[in-house]
Protein chains: 2
Amino acid sequence: MTGYGPLIPPDSYEQRPLRQQVLERIRATGQAARIDIAKSLNISPGTVTQITSDLISMGLIEEVQAADTGIVRGRPRVALGMRADAHLVVGIKLSDVLDSAVIVDSTGKTLAEAALPCRPTLHSTEDILARTARTLDAVLSVGGLERGDISAIGLGLPGFIDNVSGFVHWSPIMMDRGVGLRDMAQKHLGVSVHIDNDANLVALAELWFGTERERSDFVVVTIEHGLGMGVVLNHRLYRGARGCGLEFGHTKVQLDGALCRCGQRGCLEAYVADYALVREAATALGWLGDPSLASGQVLEQLFEQAKAGNMAARSIFHRAGRYLALGLANLVNLFDPSLIILSGERMDYDYLYAEEVIADMRRSSIHLETPPPEIRTHRWGDLLWAKGAAALAMSGLSEEIISMASEAAE
Amino acid sequence: MTGYGPLIPPDSYEQRPLRQQVLERIRATGQAARIDIAKSLNISPGTVTQITSDLISMGLIEEVQAADTGIVRGRPRVALGMRADAHLVVGIKLSDVLDSAVIVDSTGKTLAEAALPCRPTLHSTEDILARTARTLDAVLSVGGLERGDISAIGLGLPGFIDNVSGFVHWSPIMMDRGVGLRDMAQKHLGVSVHIDNDANLVALAELWFGTERERSDFVVVTIEHGLGMGVVLNHRLYRGARGCGLEFGHTKVQLDGALCRCGQRGCLEAYVADYALVREAATALGWLGDPSLASGQVLEQLFEQAKAGNMAARSIFHRAGRYLALGLANLVNLFDPSLIILSGERMDYDYLYAEEVIADMRRSSIHLETPPPEIRTHRWGDLLWAKGAAALAMSGLSEEIISMASEAAE
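Residues numbered from 1 in each chain as written. Chains lettered and ligands numbered in written order. Predicted model: local features only at pLDDT ≥ 70, side-chain atom pairs only at ≥ 80, totals over all residues. Heavy atoms only, no water.

Enquirer: How do you make sense of the side chain of Lys93(B) when you look at a structure like this?
Expert: All names here are of chain B. Positionally, Lys93 belongs in strand β6 (residues 88-94). On the basis of relative accessible area, Lys93 is assigned to the buried category, the value being 3%. Setting aside residues no more than four positions away along its own chain, Lys93 makes contact with Leu98, Asp99, Ser100, Gly156, Asp198, Asp382, Trp385 and Ala386. (Helix = DSSP H or I, 4+ residues; strand = E, 2+ residues; numbered from the N terminus. Buried < 20%, exposed > 50% of the residue type's maximum accessible area, 1.4 Å probe, protein only. Contact = heavy atoms within 4.5 Å.)

Written out as structure tokens, the structure reads:
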């Protein structure tokens, strides 16, 4: 057969090659019969047979016996699954307090995990590369593996990251702006690297390994030190025209409003994220920022005060909740997703995730006879963000393999 | 060949049948060679040959001589184009001041136009049906045609409209809420009807007949009596999970802000749309709403006052411009489109569309090294909205034809 033409860059929302789409359906469902793939992608069974045969010869998938072991026309049912031993990848997430990593096989099974604490300060690019190498070697040592056993690395960090060019425009954990981090990391580590925004990683983790693998469209909002968003449309991360993902945390909710760490005013993040609450706590409660306390600890104390009836502490959470509701209502009005997943480690602050905030959000979004979007809260830990980075690596790797095979066939 | 399975409902952003995608590429480009279709959709030339042969036998497309009349391998170049005489459709747009209609053939050529003034008041469902019938018959009479000559009608009106179920949840020009308008209009007119939000129609008009036919992703913002938005992703209108489109005008830009005609507070529309400016003019300038003046006339007077140096009038436009910039910056941060088209009849108010507003928007959106979205202003008239309604009818019609052919083949 002839090839499918060159890969369209993922920064456009153009059609992807069918081979890529078929592979992703198989990965999403764990195992899939050819006829179900044809139905779900609206293509003919003949096309699916041709494409799956290509993917088998590329070593990406294999025939497996269907979980449903019924007999069809005298033969046991056959399905297609990912080839487990095809590739191992490492996912790494760098954050303000912890660097985490996982090793994952092609079926999504986690083989090893590691997490190393780090200092919550701005880092030089050299530091970031050193942290990445240290975290990589830690997880390899846990798994009893070497760098040469790994086919690709996914690296996630907060900020404005261009997955296509591998460029970090700005990150709240980095001193330098405008860094070609992917290529530098690739050279430093000697392994193929893919980078992305950490909020996109959470969306990828939900898409690949979460409970939403069968859902075509959903939105993930991450609420941590900052505020992030990942949008999945048609089983695929939507990254926008410039490939840097979407910046929910920097949507404006107040003209000339509170100062955000991005330098602009009135960003949602400046009302809702950890640092914004800590800043308010310092002002209203006279906490002058005990330098020995991490922001998480300050917030825990603030939350205790609010529960104990301190009106200033309550008002801090209350205002944050109202702005969060407004921001979420804007998401509903602009994307109309069927599901919004609120994701973060600190899902305990029920002033922020209470029924009241959800009700407030529903009051501020469009009313239709059809039900409003479902809202779920998932309390991801850092290792699951790292798993999203592994999904990024596996996705980048399979795109490369398919693209090279298609070019070779032309 | 076997069929492509059932049509996925357009309220999901799932994969569409390839036949539909191929047809839309041909329509978008005017005429296309098979090899270019294969490249643009990332499918094999063999698949394109099979699909175009199906579409020819359905009477939707035909072989035409390529505009580029070069000789390839001794034969004149052949391309595929829409079959002009395949179908005629009518597009109708109802608004607060004018009902407009066009008759369009399968290639997008306009055969007749008509526009009838109407009273700017809330209308009963019976009135809306009567207005639709009157406008339809007016344009048919201009074109020397009868209802039986028309294959489908596209009907656009402002509000929350579900294209899939044909349901009007709410419209600012209708008394009743929750009306199954599509089915009622179909019965009333005796012709197949498709309905949609008027802002979606403008996006469809740009996608089908505008200068952006080749662009895969863009956003249209309509600023008129209300504020609307249409989003095109992957050459296709994005309608969200509930199929009612996206509500830019009802995104909140101020907690507990100005009252909107939708009943909620702080909507962008309540700061920027015509009725909001007229309301401000009444308060600040003591205009108690001369009932003989349409809102357009009040705005023209207000604009004259602003140009003459009236500070209150200037401040009205200035504030509207700042909120519009904030709303547009939120669009950029959430969708990151490569192009935003500002569309409306009243693009003369340079306080709203000035360089200053665009600069303000750029200051409030994410800064990357890559260029920010391009902003264009298009001064559409009502007849071009009607042309979008015709595109809606043509699109619905071709989906029906392809779906029926696929079912018959199974």
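From this point, the narrative continues.
Enquirer: Honestly, the nonpolar core in this entry has me stumped. Any pointers?
Expert: For soluble globular proteins, the rule of thumb is that nonpolar side chains tend to be buried together. Membership of the largest hydrophobic core comes to 92 residues, with the highest contact counts inside it found for Leu55(A) and Leu55(B). The residues contacting Leu55(B), other than those within four sequence positions of it, are Arg19(B), Val22(B), Leu23(B), Leu60(B), Ile61(B) and Ile402(B). In terms of nonpolar packing, the next biggest core, distinct from the first, is built from 76 residues, Val272(A), Ala270(B), Val332(B) and Ile358(B) among them. (Core = buried A, V, L, I, M, F, W, Y, C linked by side-chain atoms within 4.5 Å.)

Enquirer: I'm lost on the packing of aromatic side chains in this one. Help?
Expert: Aromatic ring pairs are defined here through the distance separating the ring centres and the angle between the ring planes. All told, the structure shown has nine aromatic pairs over all chains when counted by the stated rule. Ring centres 5.1 Å apart and planes at 50° place the aromatic pair Phe160(A) and Trp170(A) in the tilted group. Residue Phe160(A) is located in strand β10 (residues 160-162), and its partner Trp170(A) is located in strand β11 (residues 167-170); the two are separated by ten residues in the primary sequence. Summarising the burial analysis for this pair, Phe160(A) and Trp170(A) share the class buried. Relative to Phe335(B), the ring of Phe335(A) has its centre 4.3 Å away and its plane inclined at 25°; by these criteria the two rings are stacked. Residue Phe335(A) is located in helix α10 (residues 311-335), and its partner Phe335(B) is located in helix α10 (residues 311-335); the two belong to separate chains. The residues Phe335(A) and Phe335(B) share a single accessibility class, namely buried. Here the guanidinium or amino end of Lys93(A) rests over the ring plane of Trp385(A), the centre of that ring lying 3.5 Å away. (Phe/Tyr/Trp six-rings, centres within 6.5 Å; stacked < 30°, edge-to-face > 60°. Lys NZ or Arg CZ within 6 Å of the ring centre and 35° of its normal.)

Enquirer: What am I meant to see in the packing of helix α1 (residues 18-29) of chain B against helix α2 (residues 34-41) of chain B here?
Expert: When two helices pack together, their arrangement is given by the angle between the helix axes and the distance between those axes. Residue and element names in this part refer to chain B. One can describe the packing of α1 onto α2 by two numbers: an axis separation of 10 Å at closest approach and a directional angle of 115°. Handedness of the α1/α2 crossing: right-handed. Listed contacts from α2 to Gln21, Val22, Arg25 and Ile26 of α1 are Ile37, Ser40 and Leu41. Here the contact of α1 with α2 is built from residues that sort into four nonpolar, two polar and one charged. (Axes fitted to C-alpha atoms, helices over the stretch in contact; angles between N-to-C directions. Left-handed = near helix turned anticlockwise from the far one by under 90°. Nonpolar A, V, L, I, M, F, W, Y, C, P; charged D, E, K, R; others polar.)

Enquirer: Before we go on, may I ask you to explain the side chain of Ser343(B) in this structure?
Expert: Along the polypeptide, Ser343(B) turns up in strand β16 (residues 339-343). Dropping the residues within four chain positions of it, Ser343(B) is found in contact with Val202(B), Val220(B), Val221(B), Thr222(B), Ile223(B), His378(B) and Trp380(B).

Enquirer: Would you mind going over the interface of chain A and chain B with me for this structure?
Expert: Contacts between the two partners involve 70 residues from chain A, matched on the other side by 70 residues from chain B. Carbon and sulfur atoms make up 52% of the area that chain A and chain B hide from each other, which totals about 6100 Å². Its largest share of buried area at the contact with chain B, chain A owes to Asn42(A), Arg242(A) and Leu334(A), together 15% of the area lost on that side. Summed over the shared surface of chain A and chain B, the number is two salt bridges. The partner of Asp256(A) in a salt bridge is Arg322(B), and the shortest N-O contact between them spans 2.8 Å. (Buried area = accessible area lost by both parts, 1.4 Å probe. Salt bridge = Lys/Arg side-chain N within 4 Å of Asp/Glu carboxyl O.)

Enquirer: Just checking my understanding: could you explain the pairing of strand β14 (residues 227-233) of chain B for this structure?
Expert: On a regular strand, one side chain projects to one face of the sheet and the next to the other, so that they alternate. Residues and elements named next belong to chain B. The buried count for β14 comes to seven of seven residues, which makes it a mostly enclosed element. Here β14 shows a buried face lined by Leu227, Met229, Val231 and Leu233 and a second buried face lined by Gly228, Gly230 and Val232. Of the pairings in the sheet, the one linking strand β13 (residues 218-223) to β14 comprises six bridges and is antiparallel in character. Pairing of Phe218 across the sheet is with Val232, part of β14. (Pairing = 2+ DSSP bridges.)

Enquirer: What exactly am I supposed to notice about the sheet that holds strand β9 (residues 152-157) of chain B here?
Expert: Consider a sheet: its strands pair through backbone hydrogen bonds, and that pairing is either parallel or antiparallel. All names here are of chain B. The strand order β8-β7-β6-β9-β12 describes an open sheet built from five strands, whose pairing is mixed. Unpaired on one side and paired on the other, β8 (110-117) and β12 (193-197) mark the two borders of the sheet. Neighbour-to-neighbour, the strand axes of the sheet open up by a mean angle of 15°, direction not taken into account. In this structure, strand β7 (residues 98-105) lies alongside β8, joined through seven bridges in antiparallel fashion. The residue of β8 that forms the bridge with Ser100 is Ala115.

Enquirer: How should the environment of Asp85(A) be read in this particular structure?
Expert: You can see Asp85(A) is positioned in the loop between β5 (78-82) and β6 (88-94). A distance of 3.0 Å separates the side chain of Asp85(A) from the side chain of Arg83(A), its partner in a polar contact. (Polar contact = N/O pair within 3.5 Å; in protein donor to acceptor, adjacent residues only side chain to side chain.)

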